[in-house]
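The residues making up each chain are set out below.
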Amino acid sequence: DDPSWTTTSADKVAAAVMDWAHDNGASVMTHWFQPMASLGVRHGQTGQVHNAMFTFDKDGKVEWELEGKALLKGETDGSSYPS
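Per-chain numbering applies: the sequence of each chain, read as written, is numbered from 1 onward. Under the rules for a predicted model, residues below a pLDDT of 70 receive no local features and side-chain atom pairs below 80 are neither given nor counted, while totals for whole chains, interfaces and linings still include all residues. Only heavy atoms go into the side-chain values, all of them from the structure, while hydrogens and water stay out.

A.B. asks: Would you take a moment to explain the environment of A15 for this structure?
C.D. replies: Put simply, DSSP H or I for four residues or longer makes a helix, DSSP E for two residues or longer makes a strand, and each gets a number counted from the N terminus. For A15, the location among the structural elements is in helix α2 (residues 10-23). The class of A15 is partly exposed, set by a relative accessible area of 35%. Along the chain, A15 and E65 lie 50 residues apart, while their C-alpha atoms are 8.6 Å from each other. The buried label goes to any residue with under 20% of its type's maximum accessible area, the exposed label to any with over 50%, and the partly exposed label to all in between, with areas taken from a 1.4 Å probe on protein chains only.

A.B. asks: Looking at this structure, I do not really get the pattern of salt bridges. What am I missing?
C.D. replies: It is possible for side chains bearing opposite charge to pair when their charged atoms get close. What makes a salt bridge here is a side-chain nitrogen of Lys or Arg within 4 Å of a carboxyl oxygen of Asp or Glu, nothing more. On inspection of all chains with the given rule, the structure shows one salt bridge. Residue K69 pairs with E67 through a salt bridge whose shortest N-O separation is 3.5 Å.

A.B. asks: Explanation requested: the packing of aromatic side chains in the structure shown.
C.D. replies: The geometry of an aromatic ring pair is captured by two quantities: the separation of the ring centres and the angle between the planes. Only centres within 6.5 Å qualify two rings of Phe, Tyr or Trp (six-membered ring in Trp) as a pair; their planes then separate them into stacked at under 30 degrees, edge-to-face at over 60, and tilted for everything else. In total, this model carries two aromatic pairs according to the counting rule given. Here a set of aromatic residues connected by ring pairs shows up, and it is made of F54, F56 and W64.

A.B. asks: Can you walk me through the environment of M29 in this structure?
C.D. replies: The topology assignment puts M29 in strand β1 (residues 28-33). Distance in space between the C-alpha atoms of M29 and V49 is 8.3 Å, their sequence separation being 20 residues. Residues are treated as being in contact if the distance between any of their heavy atoms lies within 4.5 Å. Not counting the four nearest positions on each side in its chain, M29 is found in contact with V49, H50, N51, M53, L66, A70 and L71.

A.B. asks: Just to check I follow, could you spell out the environment of A10 for this structure?
C.D. replies: With respect to the helices and strands, A10 occurs in helix α2. Placed 58 residues apart in sequence, A10 and G68 show a C-alpha to C-alpha distance of 4.3 Å. Contacts of A10, omitting those with residues within four sequence positions, involve W5, G68, L71 and L72.

A.B. asks: Help me understand the nonpolar core, please; the structure alone is not making it clear to me.
C.D. replies: General note: in soluble globular proteins, nonpolar side chains tend to be found buried as a group. What makes a nonpolar core is a set of buried Ala, Val, Leu, Ile, Met, Phe, Trp, Tyr and Cys residues whose side-chain atoms join them at distances within 4.5 Å. A14, M18, A21, M29, M53 and L66 together form the largest nonpolar core, which totals six residues. When residues in this core are grouped by element, the largest group, three residues, is from α2. Not counting the four nearest positions on each side in its chain, M18 is found in contact with M53, W64, E65 and L66.

The structure is reproduced here in structure tokens:
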């Protein structure tokens, strides 16, 4: 119930997630969500966002990275999407 970790420990949490993911062969994280509608939750309709936890350097070598802000990133309200 204390959201202060989002400003004080997000990078530490991200580092722990990265350690676990790397040890278990994971390279992508998925954010699963149930979109909101103007009348509330749209039951039965869900979405996913897949984010890679790595980038490539200029020589094509993999660089593993995950910052705390990536864990706290919100979704848009969907108002720019076609109906």
